Amino acid sequence: SAVISQKPSRDICQRGTSLTIQCQVDSQVTMMFWYRQQPGQSLTLIATANQGSEATYESGFVIDKFPISRPNLTFSTLTVSNMSPEDSSIYLCSVGTSGSDTQYFGPGTRLTVL
Amino acid sequence: AQSVSQHNHHVILSEAASLELGCNYSYGGTVNLFWYVQYPGQHLQLLLKYFSGDPLVKGIKGFEAEFIKSKFSFNLRKPSVQWSDTAEYFCAVVSYGTDKLIFGTGTRLQVFP
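Residues numbered from 1 in each chain as written. Chains lettered and ligands numbered in written order. Predicted model: local features only at pLDDT ≥ 70, side-chain atom pairs only at ≥ 80, totals over all residues. Heavy atoms only, no water.

Novice: Explain the interface of chain A and chain B here, please?
Specialist: If you look at the interface, chain A gives 16 residues, while chain B gives 17 residues. Interface of chain A and chain B: buried area, both sides summed, is about 1,500 Å²; carbon and sulfur atoms make up 56% of it. Remark: the boundary between chain A and chain B carries 1 salt bridge. For the pair chain A and chain B, the number of links is 4 residue pairs in polar contact (both at pLDDT 80 or more). At the level of elements, strand S4 (31-37), strand S5 (43-49) and strand S10 (104-105) of chain A are the ones that each hand at least two residues to the side of chain A that touches chain B. A per-class count over the side of chain A that touches chain B returns 7 nonpolar, 7 polar and 2 charged. (Contact = heavy atoms within 4.5 Å. Buried area = accessible area lost by both parts, 1.4 Å probe. Salt bridge = Lys/Arg side-chain N within 4 Å of Asp/Glu carboxyl O. Polar contact = N/O pair within 3.5 Å; in protein donor to acceptor, adjacent residues only side chain to side chain. Helix = DSSP H or I, 4+ residues; strand = E, 2+ residues; numbered from the N terminus. Nonpolar A, V, L, I, M, F, W, Y, C, P; charged D, E, K, R; others polar.)

Novice: Explain the pattern of salt bridges to me, please; I cannot follow it from the model alone.
Specialist: Taken as a whole and judged by the stated rule, the model has 6 salt bridges over all chains. Measuring nitrogen to oxygen at the nearest pair gives 2.6 Å for the salt bridge that ties A:Asp87 to A:Lys65. Taken together, the positions of A:Asp87 in the loop between strand S8 (75-80) and strand S9 (89-96) and A:Lys65 in the loop between strand S6 (56-57) and strand S7 (68-72) put the pair 22 residues apart, joining distant regions of the chain. In this structure, B:Glu64 engages B:Arg77 in a salt bridge whose closest nitrogen and oxygen atoms are separated by 3.5 Å. Of this pair, B:Glu64 sits in strand S8 (residues 64-68) while B:Arg77 sits in strand S9 (residues 73-78), placing them 13 residues apart in sequence. Note on B:Glu64: relative accessible area 18%, which makes it buried. Using a relative accessible area of 21% as the deciding quantity, one classes B:Arg77 as partly exposed. (Buried < 20%, exposed > 50% of the residue type's maximum accessible area, 1.4 Å probe, protein only.)

Structure, rendered in structure tokens:
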């Protein structure tokens, strides 16, 4: 399986600011995904990061709030914009050959918004 | 809407006890099924998966799961747990045509020596 790293591993941010999370994979992958895990809850898919085109967002998530980039097959970023305390979560990226195949997860970024 | 249910939110066992964690899903079509585990302070890791074939699948660390299509279930089992099995366990399902992995709410397992 691929080795996935995320930066930063954790951060504490002020309300109204933005944070960009990076996801780096050690090999080229077809699919990259971003998930959110709110405190005490399960993982929820935010969007599929598409290389060279706009990300595909799930219901309840919008590009203005969570802009995503994927400039190549090994790297993606997720920005959490205009943050509020409700955005405090763990954000994870995952990779796979397709949406229905096995996905492998990064270590996550623990975000706390004050 | 598709959903995944894990009825056991928190399970406490002694070492050597047997384990069964329930997982039920709502989608009626063809699905791929997964169990992931998250040990304290570690990444989410794949424990086992079912795509097709033998409905009894074996994973790492002595875990197995059985897919029962008629019951829309994919329960996780281990005959004898160890302290090192203390972790959070997530069942996940993806249905063909959606390519969207849906997670259950997770089960926290605590094993005491």
